Amino acid sequence: MTSPPLAHAGHWAVGLIYLAPVAILVVTLLVISRRDRLAEAEELRQGGGGAAANDAGGS
Amino acid sequence: MTAFIRRLALPALATLAAALVAAGPAQAHGLVGKQDLPIPKWLFAWAAFAVLVISFVGLATLWRTPRFAELREQATLRLPAFLEPLCGLIGILIFSGVIYAGFAGTDESAANVVPTSIYVIFWVGIPILSLLFGDVFRAFNPWRAVGRAAGWVMGRVAGDGPEPVAYPDRLGYWPAAAGIFGFAVLELAIPVTDRQDPSTLAVLGLIYAAVQLVGMALFGVKAWSDRGDAFGVYFGLFATLSPLRWTGRQLVRRPLLAGTATLVPAAGLVGLICVMIGSTSFDGFTASSLWTDTFAVPLQGRFVDAGFSREHANTLVFTGGLIAMTGVISALYLLGCAGMKSAITGGTDSTTELAKRFAPTLIPIALAYVVAHYFGLLSYQGQAMAYLLSDPLGDGSDYLGQADYRIDYTWISATAIYYVQVVALIAGHAAGLALAHDRALLSFSSVRTATRSQYWMLAVMVAFTSLALWLLSNSS
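About the thresholds
Residues numbered from 1 in each chain as written. Chains lettered and ligands numbered in written order. Predicted model: local features only at pLDDT ≥ 70, side-chain atom pairs only at ≥ 80, totals over all residues. Helix = DSSP H or I, 4+ residues; strand = E, 2+ residues; numbered from the N terminus. Buried ≥ 20, exposed ≤ 12 C-beta atoms within 10 Å, placed from the backbone. Contact = placed C-beta atoms within 7 Å. Expected span 1.5 Å × (residues − 1). Bend = angle between axes of the 7 residues up to and from the residue. Pairing = 2+ DSSP bridges. Core = buried A, V, L, I, M, F, W, Y, C linked by C-beta atoms within 7 Å. Axes fitted to C-alpha atoms, helices over the stretch in contact; angles between N-to-C directions. Parallel < 35°, antiparallel > 145°, perpendicular 65-115°, else oblique. Left-handed = near helix turned anticlockwise from the far one by under 90°. Nonpolar A, V, L, I, M, F, W, Y, C, P; charged D, E, K, R; others polar. pLDDT = per-residue confidence, 0-100.

The name that an unreviewed UniProt entry assigns to chain B is Fenitrothion hydrolase, with the source organism given as Paraconexibacter sp. AEG42_29.

Looking at an unreviewed UniProt entry, one finds chain A named Heme exporter protein D and attributed to Paraconexibacter sp. AEG42_29.

Right, here's the structure in full:
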């Protein structure tokens, strides 16, 4: 006898508490990455792109 | 300190403080069961999250030059020449004994030494020994010892024989990944009666040994042992974390994690480590009612309806689940690497190359998962070796006078085991962060880029920690 996934919503809900830190971190990172990118573009546009240019990765 | 770090550090400290403050009320509500924990289990995930974020901030501000590359090993002990062949011989004797017990001993798995030797001592015990004492398995590796002995004899009899085939770079760790995946299928997907059956395990042990001998004959003992021997590679990766390294006839000392930091990644390393983490995660997941009720039972029903026997349906569903979990772990890691790629402006490395380069940073996490999921098993079932060694065949012998020994379930409490699991998980992920940070400092041209590249590795580490703690909360 199987029961539909909705019947186990309680399990999923508890799982969300564990997922929350990841979600918070990911959202924070997305916002910060966007701001960083905008700040970098602004820096480059104003000609002071030394730091941004140095960011170029390479191994 | 960058604005990002300032922004992240404060909420992390607040989370940690909230976790500590919440300890009182939770205790007052008598949240006790088998484990007498002072706070709800989910709060451990939040505390772990806070610890990781604080570790990340600490690394970004205090660790500004690559350190592991500059660290030097120190010779501590010179070993006698006879030790290596002696250890190899002991390894061959142990392997032969296990195979013999599988065929000659009782079919009752709890009374035969084979299942506990393989699933507890070999699979769980050796990774922990590898962390503490270095690559001890390499010294006792029976098939490597046979391969080396055969090579020595061939050299004496036939002189310089044909050169082994060059081990293909593209093959890398893939044979090892396939081997570990195969073992995980045996451990998790094959019906219990078969996977615990001593004679089945003995046959599989012989097949595995034969594959290793063929591999060594084709590619040479060293090349195959370093890349293709699944268990040798598996234990060897954990041994890179150790402060001890056995090299030829010398024992050298090095800083903890230094071996992992200087590991040169090869093809298949990402796949191998994702299989390692995925199989342990899936083992934890199968203990949850979520897996049983939502996935296993409905899918088994469908396979049975399609004409499969119940056993085959079970094997198919569990193998599928193992593949899916390995896929989830791989996807999480690759997402982190894609994030890393997007965070570094102007870098020429692809996401795949970054994934390969940073793969060794997942090794402490793989070990943390092993400790977190199997420490209880090792603590209790490991004791069974006392009476199993005394009566290895289960025929009523008592060679060591311990046949009547019974497992002491009181020597460590369930609460203490849970704390060990949580500490292992947090320490493993913090070590992973440190390794990734150091590797980023080596890989990228500025501290700023290196730190920014690791934002997404932090997210990966937090995701893995939360996943592991969620799995633990379901299984215990």
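Asker: What am I meant to see in the overall build of chain B here?
Answerer: Looking only at helices and strands, one finds 22 helices and three strands in chain B. Structurally, chain B occupies a C-alpha span of about 70 × 55 × 50 Å along its principal axes. Per-residue burial for chain B yields a buried fraction of 46% across its 476 residues. Excluding contacts between residues fewer than 6 apart, the proportion of contacts in chain B whose partners are at least 24 apart in sequence is 81%.

Asker: Explain helix 15 (residues 289–305) of chain B here, please?
Answerer: Given 3.6 residues per helical turn, the α-helix brings residues three or four places apart onto the same face. Residues and elements named next belong to chain B. In this model helix 15 runs 22 Å from its N-terminal to its C-terminal C-alpha over 17 residues, within 8% of the 24 Å that 1.5 Å per residue would give. At Ala 296, helix 15 shows its largest bend, some 35 degrees, and a proline, Pro 298, comes one to four positions later. Along helix 15, the residues that are buried comprise Leu 290, Trp 291, Thr 294, Ala 296 and Gln 300. Following helix 15 by one or two positions, Gly 307 has its phi on the positive side, about 110 degrees.

Asker: Explanation requested: the pairing of strand 1 (residues 74–78) of chain B in the structure shown.
Answerer: In the case of a regular strand, side chains alternate between the two sheet surfaces. All names here are of chain B. Within strand 1, only zero of the five residues are buried, leaving the element largely exposed. Inspection of the sheet shows strand 1 paired to strand 3 (residues 250–253) by four bridges, in the antiparallel sense. Its bridge partner being in strand 3, Leu 77 is matched across the sheet by Leu 251.

Asker: Any chance you could explain the nonpolar core here in plain terms?
Answerer: Note that soluble globular proteins tend to have their nonpolar side chains buried in a common cluster. B:Leu52, B:Ile180, B:Ile273, B:Ala366, B:Leu433 and B:Leu458 are the most contacted members of the largest nonpolar core, which has 113 residues in total. The leading source of residues in this core is helix 22 (residues 455–475) of chain B, at 16 residues. Beyond its immediate sequence surroundings of up to four residues, B:Leu458 is in contact with A:Leu25, B:Leu52, B:Phe56 and B:Leu433.

Asker: I'm lost on the sheet that holds strand 1 of chain B in this one. Help?
Answerer: Think of a sheet as strands paired side by side through backbone hydrogen bonds, with each pair either parallel or antiparallel. Residue and element names in this part refer to chain B. Spatial ordering of the open sheet is given by 1-3-2, a layout of three strands whose pairing is antiparallel. The strands lining the two open edges of the sheet, one partner per strand, are strand 1 and strand 2 (244–247). Strand-to-strand twist across the sheet, computed as the mean angle between neighbouring axes with direction ignored, equals 30 degrees.

Asker: Is there a simple way to explain the environment of B:Gln250 in this structure?
Answerer: Residues and elements named next belong to chain B. Relative to the elements of secondary structure, Gln 250 occurs in strand 3. Between the alpha carbons of Gln 250 and Ala 75 there is a distance of 6.8 Å; along the sequence they are 175 residues apart. The contacts of Gln 250, once residues within four sequence positions are left out, are Ala 75, Leu 77, Arg 78 and Leu 79.

Asker: Explain the packing of helix 4 (residues 83–104) of chain B against helix 10 (residues 198–219) of chain B here, please?
Answerer: Packed helices, taken two at a time, are described by the angle between their axes plus the distance between the axes. Residues and elements named next belong to chain B. Where helix 4 contacts helix 10, the axes come no closer than 7 Å and their chain directions differ by 140 degrees. Between helix 4 and helix 10, the angle is such that the two are oblique. Taken as a pair, helix 4 and helix 10 cross one another with a handedness that is left-handed. Here helix 4 contributes Val 98, Ile 99, Ala 101, Gly 102 and Phe 103 to the contact with helix 10, which in turn contributes Pro 198, Ser 199, Leu 201, Ala 202, Gly 205 and Leu 206. When grouped by side-chain class, the residues that make up the contact of helix 4 with helix 10 number eight nonpolar, three polar and no charged.

Asker: What is the right way to read unusual backbone geometry from this model?
Answerer: Glycine aside, negative phi is the norm for most residues, and most peptide bonds take the trans geometry. Phi is positive for B:Leu257, close to 75 degrees, though the residue is something other than glycine. Note that B:Leu257 resides in the loop between strand 3 and helix 13 (258–261).

Asker: Explain the packing of helix 18 (residues 363–381) of chain B against helix 20 (residues 414–443) of chain B here, please?
Answerer: Residue and element names in this part refer to chain B. Taken N-terminus to C-terminus, the directions of helix 18 and helix 20 make an angle of 170 degrees; their axes are 7 Å apart at the nearest point. For the element pair helix 18 / helix 20, the angle class is roughly antiparallel. Across from Pro 364, Ile 365, Leu 367, Ala 368, Val 371, Ala 372, Phe 375, Gly 376 and Ser 379 in helix 18, the residues of helix 20 making contact are Ile 417, Val 420, Gln 421, Ala 424, Leu 425, Ala 427, Gly 428, His 429, Ala 431 and Gly 432.

Asker: Would you take a moment to explain the confidence of the model for chain A for this structure?
Answerer: Fine structural detail should not be taken from predicted coordinates in areas where pLDDT scores are low. Averaged over all residues, the pLDDT of chain A equals 71, while 59% of them reach at least 70. Long-range and interchain partners of residues 50–59 of chain A, a stretch whose pLDDT sits below 50, account for 30 contacts in this model, where long-range means more than four residues apart.

Asker: Help me out: how do you make sense of helix 5 (residues 113–133) of chain B in this one?
Answerer: Residues and elements named next belong to chain B. Compared with an ideal rise of 1.5 Å per residue, which puts 21 residues at 30 Å, helix 5 spans 25 Å between its outermost C-alpha atoms and falls more than 12% short. By the largest-angle criterion, Gly 125 marks the main kink of helix 5, which is about 35 degrees, and a proline, Pro 127, follows within four residues. Looking one or two residues beyond helix 5, the residue adopting positive phi is Gly 134, at roughly 85 degrees.

Asker: How should I be thinking about the confidence of the model for chain B in this particular structure?
Answerer: Residue and element names in this part refer to chain B. A residue-level look at chain B finds 91% of positions with pLDDT of 70 or above and a mean pLDDT of 89. Here helix 2 (residues 23–28) stands out as the element of chain B with the lowest mean pLDDT, 36, in contrast to helix 12 (residues 230–239), whose mean of 98 is the highest. The low-confidence segment residues 16–33, where pLDDT is below 50, has 19 contacts with residues more than four positions distant or belonging to other chains. For this predicted complex, the interface confidence reaches an ipTM of 0.72, while the overall pTM sits at 0.87.

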